[in-house]
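Here's the letter readout for the chains.
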Amino acid sequence: MVWTGTWVAERLGVELIGDEELPALLGLALRRNPKRAHLLVSSVLGKHVPQRPSVVYGAGLDLGRRVRALLGDEEAARAVVLGYAETATALGHAVADGLALAPYLHSTRRPVAGVARAGGFEESHSHATSHLLLPEDPKLLAGDGPLVLVDDEFSTGNTVLNTIRDLHERHPRERYVVVALVDMRSAADHDRLDAFAGEIGARVDLIARAAGTVRLPEGVLEKGRALVAEHEAVREPEAAPPAPAFVRARLDWPRDLPDGGRHGFTPEHRERLEAALPALAAGAEEALRGSPGTGRVLVLGFEELMYAPLRLGTALEEAGHDVRYSTTTRSPVLAVDDPGYAIRTRLVFPAHDDPADGPGERYAYNVAGAGFDAAVLVVDSAADTPALHAPDGLLARLAEQVPHVVLAVIPSYAPGTAGTARPVENGGADETSATATEATEAPEAPERSSMLPEPLRGPAFSSYAPDEVGWLLQDLSDVELEAPTEEREEAIQSGGAHYAESLPVEYQPSERYQEFFHTALESSAARMARAVGTVTETVLAERAGTPVLVSLARAGTPVGVLMRRWARARHGLELPHYAVSIVRGRGIDANALRWLAAHHDPADVVFVDGWTGKGAITRELAEALKDFDGFDPDIAVLADPGSCVRTYGTREDFLIPSACLNSTVSGLISRTVLRPDLVGPDDFHGAKFYRELAGSDVSGAFLDAVAARFDEVAATVDTDVKELLAADRDPTWEGWAAVERISEEYGIHDVNLVKPGVGETTRVLLRRVPWKILAKRGADADLAHVRLLAEQRGVPVEEVDDLPYSCVGLIHPKYTRGATGADGKAVASQ
């Protein structure tokens, strides 16, 4: 029999070394991920490869019994089992069943209204990184008994160790047990676990079914990416989807029984499920009648909902059916129809549970062409939505491949307020959404008040889609923060207030100016796309891990969104993206950095901004990061005319259309606010969401216009990146020298009042009190909007030579309220 890792091993030189059982347990596939080209595909997990339910369940049971033998019954009764979403939710459940005496909880990517978070963490290599811990009983993780952490594979140990570190800080324990189907750590990672245990003063044991390592040759990441690109370029023909044909199974799910371990699953819950399994299997059998042949049946679970389908599968198997079990997944993996490759086929369909991080593709592997006579699709009621039943939905995709499709819907479990749970009624999207919005407040989880909040996301905060960016800010939309420009400038220059303590009144562009914006966007979209592609590819080439984009709000945010879109369009990568506040003279938001360090590897963080002027923010960031270990202070920008950074799309000073407007091109978010009476020591910096400006919002139009040119510039980007990577990109700080010269030459004597570059000059004209504009002779192409704004504000434009920028904006150096004149436009000379 051909090993299902042969195809990858032969092409990439990957070797699986270790226990004799490893080749039977693991195959190899390729995934779109710059951190790891290969994917270890388990044959006994029930995720990517359909397997007999008894084999899948038995693998977890055996591990759980080994944990009980290790701990002894007394300690086992004090333990808690924690599994990882989405892959290990059923495995963790089965381990808890084998342990028998302990409650079970698994992490989740589905927020639930009214349920307090008892923790959370990020899995940086995953395609959906955010994990939440949402126990119904807030004391579940607060004990001091052993904590058993279950994942499908233990490769480096980063995710598990980060989880232990986070929970140990709040609820120290003397003992942890890590459980995995396979232990694939390197020798260095083995030493790291021992050192970590000593560091926290606890015992950390590891139990695995098999152990080994993966030997990777040099250049495997590049080779893997090239293979994926080569094979995904050959697209399978799309069949016209039929109308979904299926039968609903009537499952008599026990009232108030959780559908899984998202909110906790106790030994008493386990006993109730065991008693109900024969009746549940009978309900599925009734719906299966009429399937052709002997009835080779697939029981297909849904993402995190793995345990209930698995147990339904074991019950059907015990009743005499020929059953295989697997589940759908978020993870995109290359499919190659070769017996030596672990992922032969894939079904692609849209998400159907209204995920918090936005819409996206989902997958079912090794189902097509597998010869199933019937499929029982098991979902919870939160996922029984119109998208599931759509012509391109999962039911339709299954109907293309399987003659008889059964839909079994389990009530989504919603914890109540006094230990009593209220299930969501079985009936589809309407009832599900109503329950989600009506969920009542749950008890506060221990120590939750000391935890930083989760990022804000659209549409509740910003007009960006929720998966585009998470804002590490607090919402100050209801606070009156705006002040007239002249008052702000007087307070700032007199030292009476910092510019970040208030907001300028949002500039409302004239019809002529709006027309100019759209014209400028059309003419510069390809140039923007080229810069986006160049800077993104540079980041991907130079970062060993999965980059975590962290935009400097707000100018950096549209750039971060575009970089994320490029990575997804060209490489299938879903890069995490956040926006944080940085304030000149006050530094970056330290709480945001602490949140990032707790949820990601700081070495993976890439700070993003739109452009550099004289490099003040670059210096500010470098200084702020001295107090934080592991972060790289280099900023990735579209344009670096001041030669302040190493990572850029271009060093030309060109018009970036997002600089032409304020919030209406940045998700309707204000610039950030840092004021002592509003932002406490444990708070994120603040910002406002201008919902009332939705009619003028062009944020989406801006992003779409640039992204539409990605394919057009792809070849040019590849050439640019090769040249950049081979070039000397060390900053020369040419721009800073020019600013110092201009400050002295024009008698300003304050570099903070000299704003170089098209973007910074535009900001001066929109938000500050401008004195004059210096325009580089011959740079008219990028300065039409600058000249228009200067005309509207009565600001002189002076043509000069020898500027490293297209233009420079000078803020009035000796501002008084009367300097603008009675009409608010005329700027007095010195």
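Here the structure is a predicted model, which is why all the values come from computation and not from measurement.

Procedures and definitions
As a convention, each chain's residues are numbered from 1 in the sequence order in which they are written. Only residues with pLDDT of at least 70 are given local features in this predicted model, and only at 80 or more are side-chain atom pairs given and counted; all residues enter the totals for whole chains, interfaces and linings. Hydrogens are left out, water is left out, and the side-chain values use all remaining heavy atoms of the structure. Secondary structure counts use DSSP, requiring at least four H or I residues in a row for a helix and at least two E residues in a row for a strand, with both numbered from the N terminus. Exposure is judged per residue with a 1.4 Å probe applied to protein chains only, and the accessible area is read against the type maximum: over 50% gives exposed, under 20% gives buried, and values in between give partly exposed. What makes two residues a contact is simply this: any of their non-hydrogen atoms within 4.5 Å. The term salt bridge refers to a pairing of a side-chain nitrogen on Lys or Arg with a carboxyl oxygen on Asp or Glu at a separation within 4 Å. By definition, two strands form a pair when at least two bridges between them are found by DSSP. Angular values range over 0 to 180 degrees, each being the angle between N-to-C directions of two axes fitted as lines to C-alpha atoms, with helices fitted over their stretch in contact. Comment on the angle field: the value is read as roughly parallel under 35 degrees, roughly antiparallel over 145, roughly perpendicular from 65 to 115, and oblique elsewhere.

Undergrad: Can you help me understand the side chain of His 263 in this one?
TA: Positionally, His 263 belongs in the loop between strand S11 (247-248) and helix H9 (267-288). Look at His 263 and you get buried, because its relative accessible area is 5%. With residues near it in sequence (within four places) discarded, His 263 still touches Leu 105, Val 112, Val 115, Leu 134, Pro 135, Glu 136, Tyr 413 and Pro 415.

Undergrad: Can you help me understand the pattern of salt bridges in this one?
TA: Oppositely charged side chains can form a pair if their charged atoms are brought close together. The final tally for this structure, using the stated rule, is 46 salt bridges. Asp 73 is paired through a salt bridge with Arg 68; the nearest N and O atoms lie 2.8 Å apart. Under the relative-accessibility criterion, Asp 73 is labelled partly exposed at 44%. A relative accessible area of 25% places Arg 68 in the partly exposed class. Of the charged contacts in the structure, one is a salt bridge between Glu 75 and Arg 78, with a shortest N-O distance of 2.9 Å. On the basis of relative accessible area, Glu 75 is assigned to the partly exposed category, the value being 23%. What makes Arg 78 partly exposed here is its relative accessible area of 37%. Put simply, Asp 467, Arg 564, Arg 568 and Glu 574 are held in one network by salt bridges that share partners.

Undergrad: Would you take a moment to explain helix H23 (residues 784-793) for this structure?
TA: For the α-helix, the turn length of 3.6 residues means that residues three or four positions removed from each other point alike. What H23 keeps buried is the set His 785, Val 786, Leu 788, Leu 789, Ala 790 and Arg 793. Downstream of H23 by one or two residues, Gly 794 has phi in the positive range, about 70°.

Undergrad: Please explain the sheet that holds strand S32 (residues 770-776) as it appears in this structure.
TA: Two modes of strand pairing occur in sheets, parallel and antiparallel, and in both the strands are linked by backbone hydrogen bonds. The mixed open sheet is built from four strands, whose spatial order is S31-S34-S32-S33. Both edges of this open sheet fall to strand S31 (754-756) and strand S33 (797-800), since each of them pairs with a single strand only. Between one strand axis and the next, the sheet turns through 20° on average, direction left out of account. Pairing of S32 with S33 involves four bridges; the strand directions are parallel. Residue pairing across strands places Ala 775 opposite Glu 799, the latter belonging to S33. Contacts from helix H22 (residues 758-767) reach S31, S32 and strand S34 (807-811), with the element oriented near 30° to S34.

Undergrad: When you look at the packing of helix H15 (residues 511-542) against helix H16 (residues 556-571) in this model, what are you seeing that I'm missing?
TA: Angle between the axes and distance between the axes are the two parameters that describe a pair of packed helices. In the contact formed by H15 and H16, the axes pass within 9 Å of each other and the chain directions differ by 75°. Classed by the angle they form, the pair H15 and H16 counts as roughly perpendicular. Packed against H15, whose contacting residues are Met 528, Ala 529, Val 532, Gly 533, Val 535, Thr 536, Glu 537, Val 539 and Leu 540, the element H16 presents Leu 562, Met 563, Trp 566, Ala 567, Arg 570 and His 571 at the interface.

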